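The primary structure of each chain is shown beneath.
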Amino acid sequence: MDHTTRISRRALCGGMAAAGLLAGFTPGLPLSRAVAQSYPQRNFRVIIPTGQGGGAERLARAFDDAWSKLLNQQFEYTFHPGAAGQIGYELFVKQREADGYNLLFGNMGPEMIMYAVQKPDYRFPEDFVYFSRTDIDDSCIFVRTDSPYKDLKSVVEAAKKNPVNVAVSRIPHPASIGMLALGEATGSTYNLIPYGGGNPTYVAVMNGEADIGALPITGVLSLSSQFRVLGVFNRENIFADITGNAPTVNAAFGTSIPDLYSSRAWAVHAAWADANPEDFALLERTSQEAHASEAFRDAFVKTGAPVESLKYGNRQVCTEYAMAMLDLAKRYEPVLSAQR
Amino acid sequence: MGWDSALLLSLAVDAVMLTWVVVPAVLLGILVGAIPGFSAQNTLIILLPLTLAMDINTALAFMVSLYCATHLGGGIPAILVNMPGTGGAAATTLDGYQMTLKGRAQQALVLCFVASTVGGLVTSIATVALLPFLAQVGMYLRSVEMVAVMVFGLVLIAAIAADDPLKGIIAGFFGLMIGAIGTDHIYGTPRAAFGFLELYDGVPLVPALIGLFAISEAFSMMERSTIVPRSAVVDSRAHWADTIEGLRLSLKYWWLTIWTSFVGLLIGVVPGAGASIASFVAYQQARMFSKTPDEFGKGFAPGVVAPESANNGVTSGTLVPLMAIGVPGGSTAAVMMVVLQYHGIVLGPRLFIESPDIAYGIFFSMTLSYIVMLFTILPLARYMSQVVLIPTRILVPLILSLTIVGAFANREYVFDMGLALVFGVIGYIARKTNYHVTAILIGIILGPLFEQYLLRSLRIGQGDLTILFSSTTGNVLWAFVVLSVLLPWLRSRQQERQRRIERETPSALTGDQPR
């Protein structure tokens, strides 16, 4: 006697249709996705290649407030600072499985410069792809509120006579390139002092150890009672109203320094993205939706950062930006590395 | 300031109402601190989703209590089994474990608990009163001054090496060489990492600490049946008299507790500095001002009091820059910053105007947690001290398994487990050949920080070494550094001369007697 339960083809088809229909009516889940709900089925593991409590973590957590609801999965973070982000990237590329559950939330500007200067043992964009840019964080020159430097011109005049000490997060950083480019264009000299992160850089400017600071602007604005922004390295100062109409460096000196903003983005292994186009498309689409959501913006505003910096960018935008940073880093490579 | 007596009272009441969350946090913190490798930071990261779900006052009370308790917990294995639970307790092993070997484990534990809680309590209360002034400390201790502070800590190598200067200095330099591994501080270029990604950020402290102290000690334990010598087993049995003696000693050294906790507070205020530096500097300072510096390292009570009160003084200090300027003073404060920002709390000077209940509430929670800690832990000293009577055949496997997990837990690298074993072998060889593992550890901890501040200072001075002597505060600190080397040496010479006179006096008298 055959004990195997037999199901007729009609019953099987009917059952599958019913299940599909039921899933399709699940509130908040699009029909097409509900039917093909095979990814994601577990939590995402995110590497942040900077330290705990910094701008990247604040932004990532605000973003996943909205994104986790769209993906029905949570995000777990590990922080791997050090070697200007190299540790986090090497770990992500070499030791994390390319399965679509391992993500990286990086700061494309400084980390692409690091990639160009350090020449690590992984390849961009062959090994990983940035696919969802969250923000544009203009590099700015700032001083403490009681600084004798009242504007950009006074800084440059002083730097023509003697080198001016500039606190920066890292030597390989867009803001550092900005200072080097400013020096090159105006004949002034800047002594870059790396503090290894935004927080210690703020303290160095606050306590007068460095004359001025050069960092991404959003962190500076969140400490607006302590600092005054003198100028930004962009074609346009999108924070004009909260920086007392600080000019752009190019407008102040008639230079043509390229836009030097930091830009954080989500990245995933390229091999997985290429092999699983539908799942990757889901990540792209939902991240864009999350970026546009009120939940993300509200959570971001809570951190004290200005909402104007939130600018979505897709894979193409991210790749173009990253490649442009590589070119820029190669131009300044001798002074950004220990090759002098 | 934006608060008055009514607010003060309401903050005190609020803090008491949060006892339900403070008690479990304290117990968890003590446990986490006592297991080498586990820290307040990684525990809080794991529990972050839970704290984000709590209301802000409850979350802060929980985090602060856990953080403070880990500093106390770290001293327990340092005293009992010569294995500091945290870097801040490494200096405690110098005298704490020596007390245990003499059958005075319970006294040492009581000294540790009282110094920790009183140190933490005094500094948390002082912080509320002195916050505007403390916020300025970070403005005066810049890179140049921090070079001098680091030298304070490094001088301790010389103090440890007093018995055998050559071996002490070799151990210190070995530690400094290990500390130099990792990417350079200016350009981020890997240096002496031998291609190991896990070493790019320098030799991680936790596996080094676990290996040098815990694993090497476990190897040494295998050679004997109990931790304490047989002669000290009877002394090690639980007696309330030991608790009372510990309390008496704590009272005797009350002044040391107070001022070393303030050393911790001041060092904690400087972003980037922390409990390890504070405890080494406090130990060194206690030795410098002691009338009997030679007693240090031989089971001397002040050798337990100074580092323990200092590493708990750090807890309040590290929150000052977070509250006052919106910049976290340490890694645990950075986690707290995430929670505060998640709840939309604006950090910095505006915090004291807009949310004084949050700004000062943290220190009230801290005060409460130290009170809870003292009453919870003090009676337990009697029972904890009995750990030394457990046969090593049971203790060693337990220690090895816990520490290996601890080595992994911090960064979740299997590599770190291997690294801990390598340091275990180094530590074992060092012990067998009478090289001091603490001297190696000081080099590993302080070396990179010293290099970082020194390079930064030189860059600011554009290569001019005189920059190191360009500030008044820095020069005062340098004068103290010189004193801290000279004073114990002069005292020691004076005592030696005194002893010689005493030895020679009777015969001289006999010889001078008129016939």
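Structure: see above.
Residues numbered from 1 in each chain as written. Chains lettered and ligands numbered in written order. Predicted model: local features only at pLDDT ≥ 70, side-chain atom pairs only at ≥ 80, totals over all residues. Heavy atoms only, no water.

Colleague: Sorry, what's going on with the overall build of chain A here?
Modeller: Counting its secondary structure elements, chain A contains 15 helices and twelve strands. Expressed as a percentage of its 340 residues, the buried residues of chain A come to 59%. For chain A, the share of sequence-separated contacts (at least 6 apart) that also reach a separation of at least 24 residues comes to 79%. Total accessible area on chain A stands at roughly 13,900 Å², and carbon and sulfur atoms take up 52% of it. (Helix = DSSP H or I, 4+ residues; strand = E, 2+ residues; numbered from the N terminus. Buried < 20%, exposed > 50% of the residue type's maximum accessible area, 1.4 Å probe, protein only. Contact = heavy atoms within 4.5 Å. Areas by Shrake-Rupley, 256 points an atom, 1.4 Å probe, with all protein chains shown as cover.)

Colleague: How do you make sense of the overall build of chain B when you look at a structure like this?
Modeller: If you tally the helices and strands in chain B, you get 25 helices and zero strands. By the compact-globule yardstick of 24 Å for 515 residues, chain B fits well, its C-alpha radius of gyration being 23 Å. The C-alpha extent of chain B, read off along each of the three principal axes, is 90 × 60 × 55 Å. Considering only contacts within chain B whose residues lie at least 6 apart along the sequence, 80% involve residues at least 24 apart. Surface summary for chain B: the accessible area is close to 20,000 Å², and the carbon and sulfur share equals 69%. In chain B, 28 side chains carry a positive charge and 28 a negative one; their mean positions are 10 Å apart. (Rg over C-alpha atoms; globule rule 2.2 N^0.38 Å. Lys, Arg positive; Asp, Glu negative; His and termini not counted. Charge placed at Lys NZ, Arg CZ, Asp CG, Glu CD.)

Colleague: In this structure, what is going on with the sheet that holds strand E12 (residues 310-313) of chain A? I would like to understand it.
Modeller: The pairing of strands in a sheet comes from backbone hydrogen bonds and takes either a parallel or an antiparallel form. Residue and element names in this part refer to chain A. Judged by pairing direction, the sheet is mixed, and its six strands sit side by side in the order E2-E1-E3-E11-E4-E12 without closing on themselves. Of all the strands in the sheet, the pair left with one neighbour each is strand E2 (75-79) and E12. Here the strands of the sheet are splayed against their neighbours by 30° on average, with no regard to which way each runs. Pairing of strand E1 (residues 44-48) with E2 involves five bridges; the strand directions are parallel. Among the inter-strand pairings, Ile47 is bridged to a residue of E2, identified as Thr78. (Pairing = 2+ DSSP bridges. Axes fitted to C-alpha atoms, helices over the stretch in contact; angles between N-to-C directions.)

Colleague: What exactly am I supposed to notice about the packing of helix H9 (residues 143-160) of chain B against helix H15 (residues 275-289) of chain B here?
Modeller: Packed helices, taken two at a time, are described by the angle their axes make and the gap between the axes. Residues and elements named next belong to chain B. Two elements in contact, H9 and H15, have axes whose closest approach is 9 Å; the angle formed by their N-to-C orientations is 60°. Put simply, H9 runs oblique to H15. The way H9 lies across H15 gives a crossing that is left-handed. In this structure, H9 contributes Val149, Met150, Phe152, Gly153, Val155, Leu156 and Ala159 to the contact, and H15 contributes Ile277, Phe280, Val281, Tyr283, Gln284, Gln285 and Arg287. (Parallel < 35°, antiparallel > 145°, perpendicular 65-115°, else oblique. Left-handed = near helix turned anticlockwise from the far one by under 90°.)

Colleague: What's the story with empty space enclosed by the protein in this structure? I'm lost.
Modeller: Any space left empty among the atoms is revealed by the rolling of a water-sized probe across them. Residue and element names in this part refer to chain B. Counting across every chain of the model gives three cavities of 30 Å³ or more. Lining the largest cavity, in full, are Leu11, Asp14, Ala15, Leu18, Asn57, Leu60, Asp357, Ile358, Gly361, Ile362, Phe364 and Ser365. When contributions to the lining of the largest cavity are tallied by element, the ones reaching two or more residues are helix H1 (5-17), helix H5 (56-73) and helix H20 (356-377). Classifying every residue of the lining of the largest cavity by side-chain character gives seven nonpolar, three polar and two charged. Estimates place the volume of the second largest cavity at around 70 Å³. (1 Å grid on protein atoms, 1.4 Å probe; cavity = no way out; pocket = protein on both sides within 12 Å on 5 of 7 lines; lining within 4 Å. Points joined across faces, edges and corners; volume = space filled by probe spheres on them. Nonpolar A, V, L, I, M, F, W, Y, C, P; charged D, E, K, R; others polar.)

Colleague: Can you walk me through the side chain of Asp99 of chain A in this structure?
Modeller: All names here are of chain A. Mapped onto the elements of the fold, Asp99 is located in the loop between helix H4 (86-95) and strand E3 (102-107). One polar contact links Asp99 to Arg42, side chain to side chain, over a distance of 3.1 Å. Every residue in contact with Asp99, bar those within four places of it in the chain, is listed here: Tyr39, Arg42 and Trp272. (Polar contact = N/O pair within 3.5 Å; in protein donor to acceptor, adjacent residues only side chain to side chain.)

Colleague: It is not clear to me how the environment of Tyr312 of chain A should be interpreted in this structure. Could you clarify?
Modeller: Residues and elements named next belong to chain A. Relative to the elements of secondary structure, Tyr312 occurs in strand E12. Between the alpha carbons of Tyr312 and Arg133 there is a distance of 5.2 Å; along the sequence they are 179 residues apart. Excluding residues within four positions of it along the chain, Tyr312 makes contact with Phe131, Ser132, Arg133, Glu284, Ser287, Gln288 and His291.

Colleague: Teacher, can you tell me more about the state of the cysteines here?
Modeller: Two cysteines, two sulfur atoms, one covalent bond between them: this is a disulfide. Residues and elements named next belong to chain B. Evaluation of the coordinates by the stated rule reveals zero disulfides over all chains. For the unlinked cysteine Cys68, the closest cysteine sulfur is that of Cys112, found at 14 Å. The class for Cys68 is buried, based on a relative accessible area of 0%. (Disulfide = S-S within 2.5 Å.)

Colleague: Explain the pattern of salt bridges here, please?
Modeller: Pairing of side chains with opposite charge becomes possible as their charged atoms draw close. Residues and elements named next belong to chain A. Going through the model one piece at a time under the given rule, you end up with 19 salt bridges over all chains. With its nearest N and O atoms 3.5 Å apart, the salt bridge here joins Asp121 to Lys94. Separated by 27 residues along the polypeptide, Asp121 in the loop between helix H5 (108-118) and strand E4 (128-135) and Lys94 in helix H4 bring together distant segments of the chain. The class of Asp121 is exposed, set by a relative accessible area of 59%. One salt bridge in this structure joins Arg315 and Asp274, with 4.0 Å as the shortest N-O distance. Of this pair, Arg315 sits in helix H14 (residues 315-331) while Asp274 is found in helix H11 (residues 270-275), placing the two residues 41 residues apart along the sequence. If you follow the salt bridges from partner to partner, you end up with Glu90, Lys94 and Asp121 in one network. (Salt bridge = Lys/Arg side-chain N within 4 Å of Asp/Glu carboxyl O.)

Colleague: So what exactly am I meant to see when it comes to a negative patch on the surface here?
Modeller: All names here are of chain B. Side chains of Asp163, Asp164, Asp294 and Glu295 sit close together on the surface and give a patch of like negative charge. Looking at the secondary structure, you find Asp164 in the loop between H9 and helix H10 (165-179). For Asp164, a relative accessible area of 34% translates into the label partly exposed. (Patch = residues over 30% accessible without salt bridge, like charges linked within 9 Å, V, L, I, M, F, W, Y side chains within 5 Å.)

Colleague: Before we go on, may I ask you to explain the pairing of strand E8 (residues 212-216) of chain A in this structure?
Modeller: Every other side chain in a regular strand lies on the same face of the sheet, so the side chains alternate between the two faces. Residue and element names in this part refer to chain A. The buried fraction of E8 amounts to five of the five residues, a majority that puts the element mostly inside the structure. Relative to E8, strand E5 (residues 137-144) is paired through four bridges, and the arrangement is antiparallel. Looking at E8, one finds that Cys140 is bridged to Leu215. Relative to E8, strand E6 (residues 164-168) is paired through three bridges, and the arrangement is parallel. Considered in E8, the bridge of Ala167 is made with Gly213.

Colleague: What is the right way to read unusual backbone geometry from this model?
Modeller: Note: most residues except glycine have negative phi, and most peptide bonds are trans. Here the bond from Tyr39 of chain A into Pro40 of chain A is cis, since omega is -5°, no more than 30 degrees from zero. Position of Pro40 of chain A among the secondary structure elements: in the loop between helix H2 (31-35) and E1. Going from Phe124 of chain A to Pro125 of chain A, the amide bond is cis rather than trans, its omega being 5°. Along the chain, Pro125 of chain A turns up in the loop between H5 and E4. Phi at Asn245 of chain A takes a positive value of approximately 55°, unusual for a residue other than glycine. If you trace the backbone, Asn245 of chain A turns up in the loop between strand E9 (227-232) and helix H10 (249-253). Within the chain, Gln462 of chain B stands out as a residue other than glycine whose phi angle is a positive 50°. Note that Gln462 of chain B resides in the loop between helix H24 (437-460) and helix H25 (472-512). Looking at Gln462 of chain B, the relative accessible area reads 48%, which means it is partly exposed.

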